[in-house]
There are 8 protein chains.
Amino acid sequence: MNDTAILLIDHQVGLQALVKDFDTVGFQNNVLALADIAKELKLPVVITASVPEGPNGPLMPEILKMFPDVAVVSRHGEVNAWDNPEFRAAVKKTGRKQLVMAGIVTDVCVAFPALSAIEEGYQVFAAVDASGTFNEVVRYAAWDRMSQSGVQLMNWFSILCELTRDWRVHGPAMTDIILKHLPEYKNTMITFNQSSNHSG
Amino acid sequence: MNDTAILLIDHQVGLQALVKDFDTVGFQNNVLALADIAKELKLPVVITASVPEGPNGPLMPEILKMFPDVAVVSRHGEVNAWDNPEFRAAVKKTGRKQLVMAGIVTDVCVAFPALSAIEEGYQVFAAVDASGTFNEVVRYAAWDRMSQSGVQLMNWFSILCELTRDWRVHGPAMTDIILKHLPEYKNTMITFNQSSNHSG
Amino acid sequence: MNDTAILLIDHQVGLQALVKDFDTVGFQNNVLALADIAKELKLPVVITASVPEGPNGPLMPEILKMFPDVAVVSRHGEVNAWDNPEFRAAVKKTGRKQLVMAGIVTDVCVAFPALSAIEEGYQVFAAVDASGTFNEVVRYAAWDRMSQSGVQLMNWFSILCELTRDWRVHGPAMTDIILKHLPEYKNTMITFNQSSNHSG
Amino acid sequence: MNDTAILLIDHQVGLQALVKDFDTVGFQNNVLALADIAKELKLPVVITASVPEGPNGPLMPEILKMFPDVAVVSRHGEVNAWDNPEFRAAVKKTGRKQLVMAGIVTDVCVAFPALSAIEEGYQVFAAVDASGTFNEVVRYAAWDRMSQSGVQLMNWFSILCELTRDWRVHGPAMTDIILKHLPEYKNTMITFNQSSNHSG
Amino acid sequence: MNDTAILLIDHQVGLQALVKDFDTVGFQNNVLALADIAKELKLPVVITASVPEGPNGPLMPEILKMFPDVAVVSRHGEVNAWDNPEFRAAVKKTGRKQLVMAGIVTDVCVAFPALSAIEEGYQVFAAVDASGTFNEVVRYAAWDRMSQSGVQLMNWFSILCELTRDWRVHGPAMTDIILKHLPEYKNTMITFNQSSNHSG
Amino acid sequence: MNDTAILLIDHQVGLQALVKDFDTVGFQNNVLALADIAKELKLPVVITASVPEGPNGPLMPEILKMFPDVAVVSRHGEVNAWDNPEFRAAVKKTGRKQLVMAGIVTDVCVAFPALSAIEEGYQVFAAVDASGTFNEVVRYAAWDRMSQSGVQLMNWFSILCELTRDWRVHGPAMTDIILKHLPEYKNTMITFNQSSNHSG
Amino acid sequence: MNDTAILLIDHQVGLQALVKDFDTVGFQNNVLALADIAKELKLPVVITASVPEGPNGPLMPEILKMFPDVAVVSRHGEVNAWDNPEFRAAVKKTGRKQLVMAGIVTDVCVAFPALSAIEEGYQVFAAVDASGTFNEVVRYAAWDRMSQSGVQLMNWFSILCELTRDWRVHGPAMTDIILKHLPEYKNTMITFNQSSNHSG
Amino acid sequence: MNDTAILLIDHQVGLQALVKDFDTVGFQNNVLALADIAKELKLPVVITASVPEGPNGPLMPEILKMFPDVAVVSRHGEVNAWDNPEFRAAVKKTGRKQLVMAGIVTDVCVAFPALSAIEEGYQVFAAVDASGTFNEVVRYAAWDRMSQSGVQLMNWFSILCELTRDWRVHGPAMTDIILKHLPEYKNTMITFNQSSNHSG
């Protein structure tokens, strides 16, 4: 956990119109869960957007609100965020060697910097359920390309667990995130706690 | 709109474990959108739960918070809410003849009172995306049974539009609900508004 | 409930090879749940099989074991069970006017007697998740044909609830059936009860 | 064909972000096929848009280009186009009694005016593959509601065939539309014609 | 059975390129099963094709071979076979009042004559698994339109069973058709017969 | 087979609410089939649960009943069972080098210890149909991560066959397990045996 | 092609009841297409069956008829055909080093001998569309296991093309197989040839 | 980009009847998008067709029109384009070492030359959404075979982005291609631009 940074790439409101491999409500929940992991575990975050003043639109307002102190790297041409010196500098400045990446669209905004970072010796984890694209064919082609290059495919929940590892240490943070983003688990917790109260 | 009441039936946290025909995040969003319709449009609401102190669990806490003044009808045996005199009285007291119903599970907690209300001369609308059940086979069998009895199958968005009919009158309420529950539309609005600002 | 009989038609082990619209483990669970409804609620049961000594094979042994006192009507030619005088006599002898039918395959062994019984003035309920057939195209065509003729499409759980109507009266039977056939509900019950015990 | 008008309702670029039950490329092809039917067969067309200067966006530019002489009815509040007097007048002015409707979203912008027109005695055909909405659950609920009210569900190809009825009379128009919008048929025609030429 | 005729409409090799709602191997098996029903049960058959010398191509050669004595009605313009006097005459000549129809594409070549025949007082059965079209959206819209007009939706196997009704009378024909077209049943029969032999 | 141990990880009733990539009835059947393999083949079993007295709930009661002599390792914080010394000791004590792992959820409770064990030189087999998680996206990401690390993905039936290898040696155990958990095979066996008897 | 043998493993009629990842009609077509490749290209064939006199049943009769001179290796216990000395001898006798394998079920009867043959230095190709199993989860786990071990996943059509490579040399054999097993191609050929004739 | 060539293989109108893993309208859009990438970025293109004067039919006319100066390599027997000396010469003549390949069918016309080119030291990218085949089983088997051999699986949009890398350099070309082939992005651009104009 001391060696991990979270990279949120192009989660812009206009680009979400391109995401068809997830239901939008569920997709935004996944993205915000990943953002909450960064926030709750106080991980360094690097955020970037591609021409946010154009049709791509601004970043999801919820993300901007969560990280008021993080300067968003606005790119004005580079498709691959890794081609942007400011972005690379921000990543380098975190001092972390394990990069969790998520973005829109999976096959470009995630896959390209993931492959670039792998080449430079980083360990890269693609948060695949916080990354969206045109359809399942494109998703699985992008997965294959990343996987064959050494990128590890993970989901926000397994990232949370990989980073925390122990409920005794990180229980409150884990519970907070679960209550906000994993309603199946939240439901079980409510029933359980209520019945404890009732019978107590 | 002056003749409509919203009936929320058994949206309990324990019963949600039975809902497999929707992703839980998306399903809860649909349920809360319907609840927000009632709240924003100040429609009478009747809420009921089946043995909420047992394994069925309490109602979704978000619903309870939204309607602090609505007394939840706790049933202690009746499967069909319409068999419960307190529930029928609450419906009758609304004075409305158009009933929008949603609940868990579709084939029982929605279909049974829907058929009962139809028999008593009400016009019934099942909010099918705020109602969940075991799988698609059960869902479509329940739809067919309701439809053949005269129940109209609708979704929360079309219910919202049917009730409001005119953006000039209900624009703010409609926008509020859309911003909270329909992210595709929200995204378009943000991009649009931003670009208006930028270029202004 | 005093007017209902359960008709189990051709749930033979050989014919199950024709059922492709359900996973077999789940399908058998649905069939046995319906059989358990009959048994627990002491409803009259009529069971029939088509040439069980041939490749169609014998009835599911679990069904035979559950109803040792029910004489299985072996048909030796009639595709539509309703064409068999012994079957019709057995149905008539129950004195019930509401017939719940399930069988293999939906489009023939359920749809044919369902339409025949409707014509003779019975009220017919097809237990569609305890009835299987070749694929979804055939299933939905058979549903449409039955539905347009007045057959009501139901699933075993809604049939159970329609028949019992009140947990205070039929709680033990309902719980027994749920514990055996609805693991999602069973899981919730176990967690709930355990937590009550722990905290008690 | 002398009694048919085509109504294109809210096929606006911003609203297409709400359409998730079709692939966008395929959906636009269906919409334009329907528009081409109107154009090639010289049917009266009524086009409307909801607040096109706002986030809903303008109509698909291809549609505007196809019907330069049709005045688009801009609605500034009415959700149901039928509530707009200008729209109703435009429909009435066509003098046609068979209305083919398509739009975004199916459950609102098609279903509402379809039901209104049925009530006023029109014969209504919903062009369901030129109409899109949030997901399949909403689509099929809207279909059921329309169908139960007497709306006939059709696709653009069957509408084309219903209107033309005879290749000897309408062959060129039919072929033009097929070559532009039905590539499977176009492919067969190319192969066939080439082989005729080669061997001739 | 004495009142039934089978109508095979436009099962042409070129038109099969339009059928995407079935796998082609399985679809052809369904079509030939229906044709075999007609042949084995000696039912009158009416066969038609639309411009078979053009890109639509000739009828499936297997069908032509099965009915050497049936004159194929070649239509040279009429989309709806019922608009063709020769076709109507052929149907009338059968003297049958129950028409089983199948064809390509479902929404046009089956739905149009089905609705026409219903209007003229025939009882119509659409063989929906021997009829194909562009995709499932079109299929289910066509089903709904036919069903609401009184057409009964059936599959080849239930048609076979409806016509034969008794294995003692029609066993050999039923077995022949099953062995050729229903491999799941064939497999069971082989295993059963072998084991009988082995143990005998 | 002399080098294999079965590890059952967190098959707790509360956690099953998180499993959405399998139907629950089928999933439990898969889990119990794997447990039966261990039992019938007398393989060492290691069972663990995460905070079973909390909302995760106790292990499936069927598992507890099957292995009365196996002490369940209760973890009180470690997400990755491999981080728990008691669990590692239990595994080590088996003396086996081939570990079959299954659990809830696949991406955490199976993938984490699988990767840990691989690193320590074990040969690891993930029983993927006795392991469940949130959805298919998460499932296939977890599969890819495990597969790329050298974990072999198997299902309970292939594990059974890999361990037994010869019906002459393990026929009775294999048959027992199949009769309980593979109804397609059971059905075939019943028909076959009956026909042998009949004809004998 | 001079180095390839085809291995058909346990395509028995009883075992086909276990195959749920393919429609049976389509699956049998794939299996027979692979068999026809062997026959038309005169490749050595090794055929085996597991206890064919028991409930697994005999091999598909079509296969037996195609290869009257091939002695079927009947195994009486070995799950992995490679464990059977007679089978290994038959493979060895072919003198071929490239083995194409297909069978029921994919995860056992194909995967096990595939891995065994890889270990012994053979080049192995799994004909995945002529191999079937319980469901897609099992299929893709088996694919992954084979692929990671070096087995190449192919389908019958690509195997045909890999073996023939040139229509000028193998045109008649390729055409024969396509006409029997690939109806989409057959349809195109018929239309093409007819139009050539008509216009000639 | 200076090292890339685009290879379009057998996108013939007759062969498209074999493509069932994509909707034809969407598939043609993908193919033409890839062709437009070549055209807009002035990349060398190699085009080939297999016996285009036979039933395979000619290349899509849109492709022929786009590249009037490219001589199509007509193969008269070689299944694998790489076996054709003229094709290999055309590829070699481009002087490029990075080959983007697309074609019909994926498992043969793409996979075979892809593997051949890999063996000769080229870097190969399969444009998987501009390549089609019989069904998803065949598609994913072909993907696996290519991926394991080192072929990178990409889609036309990620290829476009990989080649351009910077909107400031290639903005106009990128925008042109997007406006023609990516309607979701086009819609966003129209709404954005309109709102800028309105408010400007």
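Residues numbered from 1 in each chain as written. Chains lettered and ligands numbered in written order. Predicted model: local features only at pLDDT ≥ 70, side-chain atom pairs only at ≥ 80, totals over all residues. Heavy atoms only, no water.

Where an unreviewed UniProt entry is consulted, chain A appears under the name Isochorismatase-like domain-containing protein, with the organism given as Linnemannia gamsii. Turning to chain A, the UniProt record has this under Sequence similarities (unreviewed entry): "Belongs to the isochorismatase family." (UniProt positions renumbered as here; feature names shortened; annotations may be inferred.)

The next point concerns the overall build of chain A. A tally of helices and strands in chain A yields 8 helices and 6 strands. When its helices and strands are written in sequence order, chain A yields β-α-β-α-β-α-β-α-β-α-β-α-α-α. Rg of the C-alpha trace for chain A: 17 Å, near the compact-globule value of 16 Å for 200 residues, within the 12% margin. Overall, the C-alpha framework of chain A stretches about 60 × 35 × 35 Å when taken along its three principal axes. Here chain A holds 200 residues, and the buried ones make up 70% of them. Excluding contacts between residues fewer than 6 apart, the proportion of contacts in chain A whose partners are at least 24 apart in sequence is 78%. Here chain A displays about 6,300 Å² of accessible surface, and carbon together with sulfur accounts for 52% of that area. Here chain A contributes 16 positive and 22 negative side-chain charges, whose respective centroids are spaced 5 Å apart. (Helix = DSSP H or I, 4+ residues; strand = E, 2+ residues; numbered from the N terminus. Rg over C-alpha atoms; globule rule 2.2 N^0.38 Å. Buried < 20%, exposed > 50% of the residue type's maximum accessible area, 1.4 Å probe, protein only. Contact = heavy atoms within 4.5 Å. Areas by Shrake-Rupley, 256 points an atom, 1.4 Å probe, with all protein chains shown as cover. Lys, Arg positive; Asp, Glu negative; His and termini not counted. Charge placed at Lys NZ, Arg CZ, Asp CG, Glu CD.)

Here we take up unusual backbone geometry. Trans peptide bonds make up most of the peptide bonds, and negative phi angles are found at most residues other than glycine. A cis amide bond links Ile104(C) to the next residue, Val105(C), at an omega of 0°. Of note, Val51(E) is a non-glycine position whose phi angle comes to about 45°, a positive value. On the basis of relative accessibility, which here comes to 25%, the residue Val51(E) falls in the partly exposed class. Positive phi, close to 65°, is recorded for Arg165(G), a residue that is not glycine. Positionally, Arg165(G) belongs in the loop between α6 (156-164) and α7 (167-181). What makes Arg165(G) partly exposed here is its relative accessible area of 33%.

All right, on to the pattern of salt bridges then. A full pass over the atoms with the stated rule returns 88 salt bridges over all chains. The residue Arg168(A) makes a salt bridge to Glu78(F) at a minimum N-O spacing of 3.2 Å. Pair noted here: Arg168(A) is in helix α7 (residues 167-181) and Glu78(F) is in the loop between β3 (73-75) and α3 (85-94), and the two residues belong to different chains. Here Arg168(A) falls in the exposed class, since its relative accessible area comes to 53%. Judged by relative accessible area, Glu78(F) falls into the buried class, the value being 9%. Salt bridges sharing partners connect three or more residues here, namely Asp83(A), Arg145(A), Glu162(H) and Arg165(H). (Salt bridge = Lys/Arg side-chain N within 4 Å of Asp/Glu carboxyl O.)

Taken residue by residue, the interface counts 27 residues in chain A and 28 residues in chain H. Between chain A and chain H the total buried area reaches about 2,300 Å² when both faces are included, carbon and sulfur atoms providing 60% of it. One salt bridge in this structure joins Asp83(A) and Arg165(H), with 3.1 Å as the shortest N-O distance. Taken together, the elements giving at least two residues each to the side of chain A that touches chain H come down to α4 (106-119) and α5 (136-148) of chain A. At 7 residues, the largest contribution of residues to the side of chain A that touches chain H is made by α5(A). In terms of residue class, the side of chain A that touches chain H is built from 13 nonpolar, 7 polar and 7 charged. (Buried area = accessible area lost by both parts, 1.4 Å probe. Nonpolar A, V, L, I, M, F, W, Y, C, P; charged D, E, K, R; others polar.)

Right, let's talk about the UniProt feature "domain: Isochorismatase-like" (unreviewed entry) in chain A for a bit. Those residues carrying the UniProt feature "domain: Isochorismatase-like" (unreviewed entry) are residues 4-155 of chain A in this numbering. End C-alpha to end C-alpha, residues 4-155 of chain A measures 15 Å, and it is 39% helix and 19% strand.

The next point concerns the packing of helix α4 (residues 106-119) of chain C against helix α6 (residues 156-164) of chain E. One way to put it is that α4(C) packs onto α6(E) with a least axis distance of 9 Å and a crossing angle of 45°. In terms of orientation, α4(C) lies oblique with respect to α6(E). The hand of the α4(C)/α6(E) crossing is right-handed. Residues Asp107(C), Val108(C) and Phe112(C) of α4(C) touch α6(E), and the partners they reach there are Phe157(E), Ser158(E), Cys161(E) and Glu162(E). For the contact of α4(C) with α6(E), the per-class residue count stands at 4 nonpolar, 1 polar and 2 charged. (Axes fitted to C-alpha atoms, helices over the stretch in contact; angles between N-to-C directions. Parallel < 35°, antiparallel > 145°, perpendicular 65-115°, else oblique. Left-handed = near helix turned anticlockwise from the far one by under 90°.)

Here the focus is the packing of helix α1 (residues 24-40) of chain H against helix α7 (residues 167-181) of chain H. All names here are of chain H. Close contact between α1 and α7 brings their axes to 10 Å; oriented N to C, the two are set at 165°. Considering the angle they form, α1 stands roughly antiparallel to α7. Regarding α1 and α7, the two cross each other, and that crossing is right-handed. Contact residues: α1 offers Asn-29, Leu-32, Ala-33, Asp-36, Ile-37 and Glu-40, while α7 offers Ala-173, Asp-176, Ile-177, Lys-180 and His-181. Grouping the amino acids of the contact of α1 with α7 by side-chain chemistry returns 5 nonpolar, 2 polar and 4 charged.

Glancing now at the sheet that holds strand β1 (residues 4-9) of chain F. Residues and elements named next belong to chain F. If you walk across this open sheet you meet the 6 strands as β3-β2-β1-β4-β5-β6, and the pairing is parallel. Edge positions in the sheet fall to β3 and β6 (152-154), since each has one partner strand and no second. If you compare each strand with its neighbour and ignore which way they point, the axes differ by 25° on average. In terms of strand pairing, β1 meets strand β2 (residues 45-50) through 4 bridges, oriented parallel. The residue bridging Ile-6 from the neighbouring strand is Val-45, located in β2. (Pairing = 2+ DSSP bridges.)

Either a parallel or an antiparallel arrangement is found when strands of a sheet pair, and the pairing is made through backbone hydrogen bonds. All names here are of chain H. Strands sit in the order β3-β2-β1-β4-β5-β6 across an open sheet of 6 strands; the sheet is parallel. For this open sheet the edge positions go to β3 (73-75) and β6 (152-154), each flanked by a neighbour on one side alone. Adjacent strand axes in the sheet meet at a mean angle of 25° when their direction is disregarded. Judged from the 3 bridges that link them, strand β2 (residues 45-50) and β3 form a sheet pairing that is parallel. Along β3, the bridge assignment pairs Ala-49 with Ser-74. Taken strand by strand, helix α4 (residues 106-119) contacts β1 (4-9), β4 (98-103) and β5 (123-127), and its axis lies near 165° from that of β4.

Moving on, we get to the relation of the copies chain A and chain H. Mapping chain A onto chain H calls for a screw motion: a turn of 90° about the axis and a shift of 0.0 Å along it, with 0.0 Å RMSD after fitting. Put plainly, the chains are arranged around a four-fold axis. Little of the interface of chain A is mirrored in chain H, where only 7% of its interface residues are also at the interface. (Least-squares fit on C-alpha atoms with pLDDT ≥ 70 in both.)

Another point: the side chain of Thr133(E). Residues and elements named next belong to chain E. With respect to the secondary-structure elements, Thr-133 resides in the loop between β5 (123-127) and α5 (136-148). Relative accessible area serves as the criterion here: at 0%, Thr-133 is assigned to the buried category. One polar contact links Thr-133 to Asp-107, side chain to side chain, over a distance of 2.6 Å. Ignoring anything within four residues of it in the chain, the contact list for Thr-133 reads Leu-18, Val-19, Lys-20, Asp-21, Val-105, Thr-106, Asp-107, Val-138 and Arg-139. (Polar contact = N/O pair within 3.5 Å; in protein donor to acceptor, adjacent residues only side chain to side chain.)

This part takes up the packing of aromatic side chains. Residue and element names in this part refer to chain A. Per the stated rule, a full pass over the model turns up 56 aromatic pairs over all chains. Here the aromatic rings of Trp-82 and Tyr-122 are separated by 5.5 Å at their centres, their planes lie at 80°, and the arrangement is edge-to-face. With Trp-82 in the loop between β3 (73-75) and α3 (85-94) and Tyr-122 in the loop between α4 and β5 (123-127), this pair connects stretches of sequence that are 40 residues apart. Classification of Trp-82 as buried rests on a relative accessible area of 5%. Put simply, the rings of Trp-82, Phe-87 and Tyr-122 pair up and form one aromatic cluster. (Phe/Tyr/Trp six-rings, centres within 6.5 Å; stacked < 30°, edge-to-face > 60°.)

All names here are of chain D. Burial within strand β5 (residues 123-127) is extensive, with 4 of its 5 residues counted as buried. When strand β4 (residues 98-103) meets β5, the two strands line up parallel, connected through 4 bridges. Counterpart to Val-100 in the pairing with β5 is Phe-125. Handedness of the crossover joining β4 and β5 through helix α4 (residues 106-119): right-handed. Pairing analysis gives 3 bridges linking β5 to strand β6 (residues 152-154), with the strands arranged parallel. Bridge pairing in β6 links Phe-125 to Gln-152. Tracing the backbone out of β5, into helix α5 (residues 136-148) and back to the parallel element β6 gives a crossover that is right-handed. (Right-handed = clockwise from strand over helix to strand, strands pointing away.)

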